[in-house]
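One letter stands for each residue in the lines below.
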Amino acid sequence: MEKITINTPGYTSDILVGEKWETVSELLPQEDTIIITDHNVKKIYGGLFPEAPVLSLAPGEGSKKIEIVEDLARQLLDAGIDRAGFVLAIGGGVVCDVAGFLASIYMRGIRCGYVASTLLAQVDASTGGKNGVNLRDTKNMLGTIRQPEFVICDPAILLTLPEQEYLSGLAELIKTAIIGDKELFEIIESSFDKIEARDSDLLTTLVAKSVKFKGMVVSRDEKEIGLRRILNFGHTFGHAVELQKGIKHGFAVASGMVLAAEFSFEKGYISIEEKTRMIDLLKRFKLATRFDLTDEQMKDLVFHDKKKTGTDIHFVFTHGIGKATVEKIPVDEALFFYNKFRDK
Ligand code: ADP
Ligand code: ZN
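Counting through the fold element by element, Ser210 comes out in helix H8 (residues 200–220). In sequence terms Ser210 and Asp221 are eleven residues apart; their C-alpha atoms lie 17 Å from each other.

Between the first and last C-alpha of helix H3 (residues 93–105) there are 18 Å, a value that for 13 residues agrees with the 18 Å anticipated at 1.5 Å per step. Along H3, the residues that are buried comprise Val94, Val95, Cys96, Asp97, Val98, Ala99, Gly100, Phe101, Leu102, Ala103 and Ser104. Of the residues one or two after H3, Met107 is the one with positive phi, at around 50 degrees.

On to unusual backbone geometry. Of note, the phi angle at Met107 is positive, near 50 degrees, even though the residue is not glycine. Here Met107 is to be found in the loop between H3 and strand E6 (111–116). A positive phi angle, near 55 degrees, is found at Lys286, a position not held by glycine. Note on placement: Lys286 falls in the loop between helix H11 (272–284) and helix H12 (295–304).

Around ligand 1 sit 19 residues in total, of which Asp38, Gly93, Ser117, Thr118 and Thr160 are the nearest. A distance of 3.1 Å separates an oxygen atom of ligand 1 from a polar atom in the backbone of Val94. At 2.6 Å, a side-chain N or O of Thr118 approaches an oxygen atom of ligand 1. Put simply, the parts of the chain that give the shell around ligand 1 at least two residues each are helix H1 (39–45), H3 and helix H4 (119–125). In terms of residue count, the dominant contributor to the shell around ligand 1 is H1 (four residues). Class assignment for the residues of the shell around ligand 1 results in ten nonpolar, six polar and three charged.

It is worth spelling out the coordination of the zinc ion (ligand 2) at this point. Protein-derived coordination of the zinc ion (ligand 2) comes from Glu172 (OE), Glu172 (OE), His235 (NE2) and His249 (NE2), at a distance range of 2.1 to 2.8 Å. Considering all four donor atoms around the zinc ion (ligand 2), angles at the metal cover 48 to 133 degrees and the coordination shape is irregular. Mapped onto the sequence, the donors of the zinc ion (ligand 2) take the spacing E-x62-H-x13-H. Of this pair, Glu172 sits in helix H5 (residues 163–180) while His235 sits in helix H9 (residues 235–245), and the two are 63 residues apart along the sequence. Of the two residues, Glu172 and His235, both sit in the buried class.

The seven strands lie next to each other as E1-E2-E9-E6-E5-E3-E4, forming an open sheet whose pairing is mixed. Here the strands that pair on one side only, and so sit at the sheet edges, are strand E1 (2–8) and strand E4 (54–57). The average undirected angle you get between the axes of adjacent strands in this sheet is 15 degrees. Across the face of the sheet, H8 comes into contact with E1, strand E2 (11–17) and strand E9 (150–153) while running at roughly 15 degrees to E1.

Attention shifts here to the state of the cysteines. Applying the stated criterion to the full structure yields zero disulfides. Cys112 forms no disulfide, and the closest cysteine sulfur to it belongs to Cys96, at a distance of 8.9 Å.

Scoring rules and cut-offs
Residues numbered from 1 in each chain as written. Chains lettered and ligands numbered in written order. Predicted model: local features only at pLDDT ≥ 70, side-chain atom pairs only at ≥ 80, totals over all residues. Heavy atoms only, no water. Helix = DSSP H or I, 4+ residues; strand = E, 2+ residues; numbered from the N terminus. Expected span 1.5 Å × (residues − 1). Buried < 20%, exposed > 50% of the residue type's maximum accessible area, 1.4 Å probe, protein only. Near = heavy atom within 4 Å. Polar contact = N/O pair within 3.5 Å; in protein donor to acceptor, adjacent residues only side chain to side chain. Nonpolar A, V, L, I, M, F, W, Y, C, P; charged D, E, K, R; others polar. Donors = N, O, S within 2.8 Å, 3.2 Å for Na, K, Ca; no water. Tetrahedral: all angles 85-135°; square planar, octahedral: opposite > 155°, others 65-115°. Pairing = 2+ DSSP bridges. Axes fitted to C-alpha atoms, helices over the stretch in contact; angles between N-to-C directions. Contact = heavy atoms within 4.5 Å. Disulfide = S-S within 2.5 Å.

Right, here's the structure in full:
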């Protein structure tokens, strides 16, 4: 087991990678805990949950809505949860995002912790404290940044994860490798069989490396005013595709990474060999699907992106495996490149 501690102003968060999730009861207060999960996770693991009331959401992105948060808050009130209460999220990114947001605003904030049950949640939602819900067609429009007290990342819980969900998380792992950890990239490159088999020891190593990198980034820049932006590699186009095509986050980000790699190559930041190596790794895990958008869809979405400032966007380029930078570029330049890439 590896414990990675993340310190941000006012909060300390322990990410326990390779820990058995059933040990979570030892981390909870004696009483006043409420569990938030989704129907699928409850069906598989509910019998092993700690002794506490369970609120269960419909699985999927559709539950990331403010109405759901309000409804849950009512149920917390009905269950008598007060300032001493504790929200335990057991689930994927959706459950952690909704529960984390709820815990951060209920009675101006109560304690919370996560058992991250998808690979995506273990490498992404687990670290950095971002939570929130969608508004209209904009992802995570309402939310806060607040670190959970702990996150358990148990590789064993990933054995029941549907293949597409697993691959979606893998895309985010590959992202971390490309922007900040060459060794992680090499391990993924050389461990195809073990990754396919969801080998526990290997997953512990991969998730721990990814959490460490992300933890380093967010402890330096919790509020995303600088360095943290590199985590958005592949996400500018990725978010556009995700919303327009309704595909899983990781697949969308993967297609955004292909584009970002091409863009970085066009700018002369990486060699053709480096570009090919990045794209080939995504291809091996069937993550390099192309999704084409019309000019109108692109324009709408790039402008709707809450991360844009004026007519510029922050675009993340790679400068070789393990290196990335953020550049402010005109929206038009991004769109121009997108058209060229799409129509090639
Ligand atoms: P993420 O945002 O992390 O991709 P979601 O919270 O949307 O994940 O979960 C993806 C899907 O996987 C949902 O249908 C959820 O119910 C299901 N799921 C989550 N964890 C597990 C698990 N350990 N085993 C099986 N299914 C799971
Ligand atoms: Zn992401």
